[in-house]
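# Analysis of the macromolecular model
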Amino acid sequence: MTRAATLVSLVALAAASCPGAAAARTYDAVIDQLKFGPLPAVLKRGDRIRWINRDLFRHSVTARDGSFDLDLPAGKSGAVVLKQAGTIRYFCKYHPGMTGSLAVKP
Amino acid sequence: MLKPLMAAAAVLALPGISFAEGAKPNDAQVAHIAYTAGQIDIAAGKQALAKSHNKAVRAFASEMVRDHSAVNDKALALVKKLGVTPEANATSSTLTKQADAKRDELAKLEGSGFDKAYVANEVAFHKTVNAALRDTLIPSARNGELKALLKTGLTLFSEHQAHAEHLAQSLK
């Protein structure tokens, strides 16, 4: 086996032993017209969600379980890394009619 | 024979916002009415922030001041860009007169009496403005950007109406 191939298999082994970190992805969700944009139906622990506020208005992305609370003035964006598996419901604390939920797999 | 009568009957039956069918407001008037409605709600929010000690009422009032200011700032920038001068009209002056009377009425109230009356008026005011936006102002607007901003306004004010309705329930 060449040294390069050994290195590749070692990296693969490391990735396999730490699935959350290796599979983590970043997803963007746009907030516009008082709606939270769509996200994948199922997310993984370690994934990063970036909310981009394209509305004229200040919004928040506030988890009902208190695990995160992003304050997003008009035009700003902010991100959250999903640290726990489970369903996280969120809402905008300024516009309580705006709601969403995340399904996070381990 | 019946036509003039029917036209006369087809005015919006909402207090303060009435345009006879066939007498659609022009864009300068539409802009003035929408802007005036926003300013009225900003003033009402400021009054609530000066008088109320209720955390939820104050949060709602702050939201009204912030959101309506954002829409009105955008509206001012838009009319400037379009070279339209908002035109005062009977509808906007009636709205202002009614709002002045309501503000005087609310000024005499204190504590939870004020909170309940303020929130009840916010429900009623947003209902009136939303009906006017939906039935008269948006269909009347000729300029596409003005129409789009009015639609954003309707989405926002509908959320405000729902928020005010929930708040009114919690104050009972």
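One can find the structure itself at the top, above this paragraph.
Next up on the list: the overall build of chain A. When its secondary structure is counted, chain A shows 2 helices and 9 strands. Listed N to C, the secondary structure of chain A is α-α-β-β-β-β-β-β-β-β-β in terms of helices and strands. Burial status across chain A gives 33% buried among its 106 residues. A total accessible area of about 6300 Å² is found for chain A, and carbon and sulfur atoms account for 56% of it.

Residues and elements named next belong to chain A. A positive phi angle, near 50°, is found at Gln 33, a position not held by glycine. Looking at where Gln 33 falls in the secondary structure, it is placed in the loop between strand S1 (26–32) and strand S2 (35–36). Positive phi is not limited to glycine here, since Leu 34 has a value of about 60°. Within the fold, Leu 34 resides in the loop between S1 and S2.

A separate point is helix H5 (residues 111–140) of chain B. Between its terminal C-alpha atoms H5 of chain B stretches 41 Å, which fits the 44 Å expected from 30 residues at 1.5 Å a residue. At Leu 133 of chain B, H5 of chain B shows its maximal bend, which comes to roughly 50°.

On to the interface of chain B and chain A. Chain B puts 13 residues into the contact, and the matching count from chain A is 10 residues. When chain B packs against chain A, close to 1000 Å² is buried across both sides, 64% of that on carbon and sulfur atoms. Interface area lost by chain B to chain A is led by Arg 66, Thr 152 and Glu 159 of chain B, which between them contribute 46%. Where chain B meets chain A, there are 0 salt bridges. Viewed at the interface, chain A and chain B are joined by 3 residue pairs in polar contact (both at pLDDT 80 or more). Of all the elements in the fold, those that place two or more residues in the side of chain B that touches chain A are helix H3 (55–82) and helix H6 (144–170) of chain B. When residues in the side of chain B that touches chain A are grouped by element, the largest group, 7 residues, is from H6 of chain B. Its residues assigned to classes, the side of chain B that touches chain A comprises 4 nonpolar, 4 polar and 5 charged.

Calculation rules
- Residues numbered from 1 in each chain as written.
- Chains lettered and ligands numbered in written order.
- Predicted model: local features only at pLDDT ≥ 70, side-chain atom pairs only at ≥ 80, totals over all residues.
- Heavy atoms only, no water.
- Helix = DSSP H or I, 4+ residues; strand = E, 2+ residues; numbered from the N terminus.
- Buried < 20%, exposed > 50% of the residue type's maximum accessible area, 1.4 Å probe, protein only.
- Areas by Shrake-Rupley, 256 points an atom, 1.4 Å probe, with all protein chains shown as cover.
- Expected span 1.5 Å × (residues − 1).
- Bend = angle between axes of the 7 residues up to and from the residue.
- Contact = heavy atoms within 4.5 Å.
- Buried area = accessible area lost by both parts, 1.4 Å probe.
- Salt bridge = Lys/Arg side-chain N within 4 Å of Asp/Glu carboxyl O.
- Polar contact = N/O pair within 3.5 Å; in protein donor to acceptor, adjacent residues only side chain to side chain.
- Nonpolar A, V, L, I, M, F, W, Y, C, P; charged D, E, K, R; others polar.

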